[in-house]
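Read off the chains here:
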Amino acid sequence: MARPDLNLLLALDALLDEGSVIGAARRMNLSPPAMSRTLSRIREALADPVFVQVGRKLMPTPRALALREQVRLAVEQATQVFEPDTGIDLKSLDRRFSVRATDEFVSIHLGHLLGAMATEMPRAMLRFSPEEDDVDEEALRSGRIDLFISASRKLGPEIRVQSLFTTTFVGVARAHHPVFDDEITPERLTHWEHINVSRRGKAIGPIDAALEAQGLRRHVALVVQSPYTALFALQDSDLLLPLPRHLASSALAAGLSIRLFELPTPLETVLLTQAWHPRLDSDPAHQWLRHTIHALCNKEEAEAARRTQPER
């Protein structure tokens, strides 16, 4: 095309982000048939199917995946051209943030973050992205996620990283578990079966190396993706659960019939960070989100020190 229709670029960005014609149509304020016709035009312009039907889902072609970051950057740059020099009005901004975050952050800070957004950026939306097999920095580079909140880990050299808060692991059991009848030693810790929380389905965690150093090994009887599933599984069983202190304290405060205890094999302190791609450094809305999260974590870090301490 001598003069390409830039509306196709916006539509392609929506399709790549939503992964469905219906979702992209809603985002573009079009009817599904109109979006289907737009997809046909995109296919013709690129000489590529762009999406293929796999079961009930649309899957992007290799060409579409290769174009994803280029399309996202082009749309962001075009949007910035038309932004007024006086800055952005956060209160009237329609914006969606894709965030990949740990359960510790969600359980402690999400409610306060949503409250701040309702006041300062009421038309924005958070969309939590599940942990997938993709590399986290690649998800940031491609724009599939805008912010990554996780235990500190090595990311690409260009990725911006900011510390948020630290946490340690404690043990969790049902309120009347027999483990509390005597001193909790490493040997007694391995007497009962354990639950392991892993979004990737792993049966080992930080505690296993610490136990192995003492010649001990625990038996993991249950692996779940969510700590909330694990906490409810404790209620009617003798399973034990190592869990980050912030998350365990939140569950205790919520009234679950559980007790916390200090692990007899202390684990290293875990640092939680937020990470983003440098192209979002100067984005006012993203800046507000990062600064608000950092401020909330600083405030909650001080309050966490005053929470109920686990029993020894």
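This text goes with the structure placed above it.
Every value quoted in this text rests on a predicted model; they were computed, and no experiment measured them. (Residues numbered from 1 in each chain as written. Predicted model: local features only at pLDDT ≥ 70, side-chain atom pairs only at ≥ 80, totals over all residues. Heavy atoms only, no water.)

Asks: Which parts of the structure should I look at to understand the sheet that holds strand S6 (residues 160-167)?
Replies: Either a parallel or an antiparallel arrangement is found when strands of a sheet pair, and the pairing is made through backbone hydrogen bonds. Reading across from one edge, S4-S3-S5-S12-S6 is the order of the five strands in this open sheet, with mixed pairing throughout. Both outer strands of the open sheet, strand S4 (125-128) and S6, are each paired with one neighbouring strand and no more. Pairwise comparison of adjacent strand axes, ignoring direction, gives a mean angle of 25° for this sheet. Bridge analysis of strand S3 (residues 96-101) against strand S5 (residues 147-151) gives three bridges, and the strand direction is parallel. Paired with Ala 101 across the bridge in S5 is Ile 149. Here helix H5 (residues 103-120) sits on the sheet in contact with S3, S4, S5, S6 and strand S12 (270-276), set at roughly 165° to S4. (Pairing = 2+ DSSP bridges. Helix = DSSP H or I, 4+ residues; strand = E, 2+ residues; numbered from the N terminus. Axes fitted to C-alpha atoms, helices over the stretch in contact; angles between N-to-C directions. Contact = heavy atoms within 4.5 Å.)

Asks: Please explain the pairing of strand S7 (residues 169-174) as it appears in this structure.
Replies: Of all six residues making up S7, five are buried, and the element is well covered by its neighbours. When S7 meets strand S10 (residues 241-244), the two strands line up antiparallel, connected through four bridges. Paired with Gly 171 across the bridge in S10 is Pro 242. (Buried < 20%, exposed > 50% of the residue type's maximum accessible area, 1.4 Å probe, protein only.)

Asks: It is not clear to me how the pattern of salt bridges should be interpreted in this structure. Could you clarify?
Replies: Pairing of side chains with opposite charge becomes possible as their charged atoms draw close. This model, assessed by the stated rule, comprises 18 salt bridges. A salt bridge links Arg 127 to Glu 18; the nearest nitrogen and oxygen atoms lie 4.0 Å apart. One end of the pair, Arg 127, is in strand S4; the other, Glu 18, is in helix H1 (residues 6-18), and 109 residues separate them in sequence. Taking the relative accessible area as the measure of exposure, Glu 18 reaches 22% and is therefore partly exposed. Across the pair Arg 245 and Glu 262 runs a salt bridge whose closest N-O atoms are separated by 3.3 Å. On the criterion of sequence distance, the pair formed by Arg 245 in helix H10 (residues 245-253) and Glu 262 in the loop between strand S11 (258-261) and S12 is long-range, its members being 17 residues apart. (Salt bridge = Lys/Arg side-chain N within 4 Å of Asp/Glu carboxyl O.)

Asks: Got a minute to help me understand H10 in this structure?
Replies: Side chains three or four residues apart in an α-helix point the same way, a direct result of the helix having 3.6 residues per turn. Burial runs high along H10: seven of the nine residues are buried. Listing the buried residues of H10 in full gives Arg 245, His 246, Leu 247, Ala 248, Ser 249, Ser 250 and Ala 251. Just past H10, the residue Gly 255 takes up positive phi, approximately 100°.

In short, geometric facts, not functional conclusions.
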